[in-house]
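Structural overview
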Amino acid sequence: MNNNTKEMLRSKFITFEGTEGVGKTTQIELLQEYLQSKKIKTLVTREPGGTKTGERIREILLDKKSTNLDSHAELLLMFAARAQHLDEVIYPALQKNIWVLCDRFTDASYAYQGGGRGVPLSEILKLESVVQGNFQPDLTILLTCDIKTGMQRVARRGKKDRFEKERLEFFEQVQDTYLQRAKDNPLRIRVVNADQAINEVAIAIQTTVNQRFPELLF
Ligand code: TMP
């Protein structure tokens, strides 16, 4: 088997990113259904979380009672949960040839802790290197939406978590950072406009996935 064929058969790690209320959860479910229709084994997981320990860390991170959480403490907790997630869930699934669809990953740390909280990117880079070495998603779908519309959707869902309570400007900085990362990583990060009907967004995502992994069309 040559290296090209091996690469084509390898399972993929696909991450979803975007600001609050952009519709990631629905779109991940729809992509999972699409991949399953192609007889691909998939696993859906999320960050922070995805493991028992990670979900406990998530509770601390999202709980409004975690007042005055230092931005480095927040960042380290994100990476602590990520280290556990990689070791316990992501790497083993990929080794079993299961495609992993992950609701947020390290781009979120750059966008929220970097762009939103102002942690220097060089510090995030160091942690990224410690926790994941050179490991990167094969594809990242960045969903963008009008921030105000997203915040209204979150408000309709009911009680807000510690992040959802942030100001509009915070999410604008988060989205700007995501978009800058997409510019810097055009092969990996693909931007999809989520201000359209759910099925139109789903089709745009499927088209992107097919372009990135043309073997799916065979
Ligand atoms: P979720 O609500 O999309 O599941 O994500 C939980 C929150 O965690 C969301 O507001 C973004 C935030 N987050 C970070 O700030 N940094 C990270 O590295 C990750 C993975 C999530």
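Structure first, text after, so check above.
Everything in this summary refers to the structure shown in the same document. A quick note: this is a predicted structure, and the numbers were derived from the prediction, not measured. (Residues numbered from 1 in each chain as written. Predicted model: local features only at pLDDT ≥ 70, side-chain atom pairs only at ≥ 80, totals over all residues. Heavy atoms only, no water.)

Overview of the sheet that holds strand β1 (residues 13-18)
Put simply, the rule is: At least two bridges found by DSSP between two strands are what make those strands a pair. Under the scheme used here, helices are H or I runs from DSSP no shorter than 4 residues and strands are E runs no shorter than 2 residues, and both carry numbers assigned from the N terminus. Angles shown run from 0 to 180 degrees and are taken between the N-to-C directions of axes, each axis being a line fitted to C-alpha atoms and, for helices, limited to the stretch in contact.
Sheet architecture is open: 5 strands sit in the order β2-β3-β1-β4-β5, paired in parallel fashion. Of all strands in the sheet, those bounded by a partner on one side alone are β2 (42-46) and β5 (189-193). Within this sheet the neighbouring strands show an average axis-to-axis angle of 20°, counted without direction. Where β1 meets strand β3 (residues 99-103), 4 bridges bridge the pair, whose relative direction is parallel. Looking at β3, one finds that Phe 16 is bridged to Asp 103.

Digging into the pairing of β3
The condition is simple: Exposure classes here rest on a 1.4 Å probe applied to the protein chains alone. A residue is buried below 20% of its type maximum, exposed above 50%, and partly exposed in between.
For β3, the tally of buried residues reaches 5 of 5 residues, placing the bulk of the element in the interior. Going residue by residue along β3, you find Trp 99, Leu 101 and Asp 103 tucked away on one face and Val 100 and Cys 102 tucked away on the opposite face as well. Relative to β3, β2 is paired through 5 bridges, and the arrangement is parallel. Bridge pairing links Thr 45 to Cys 102 in β3.

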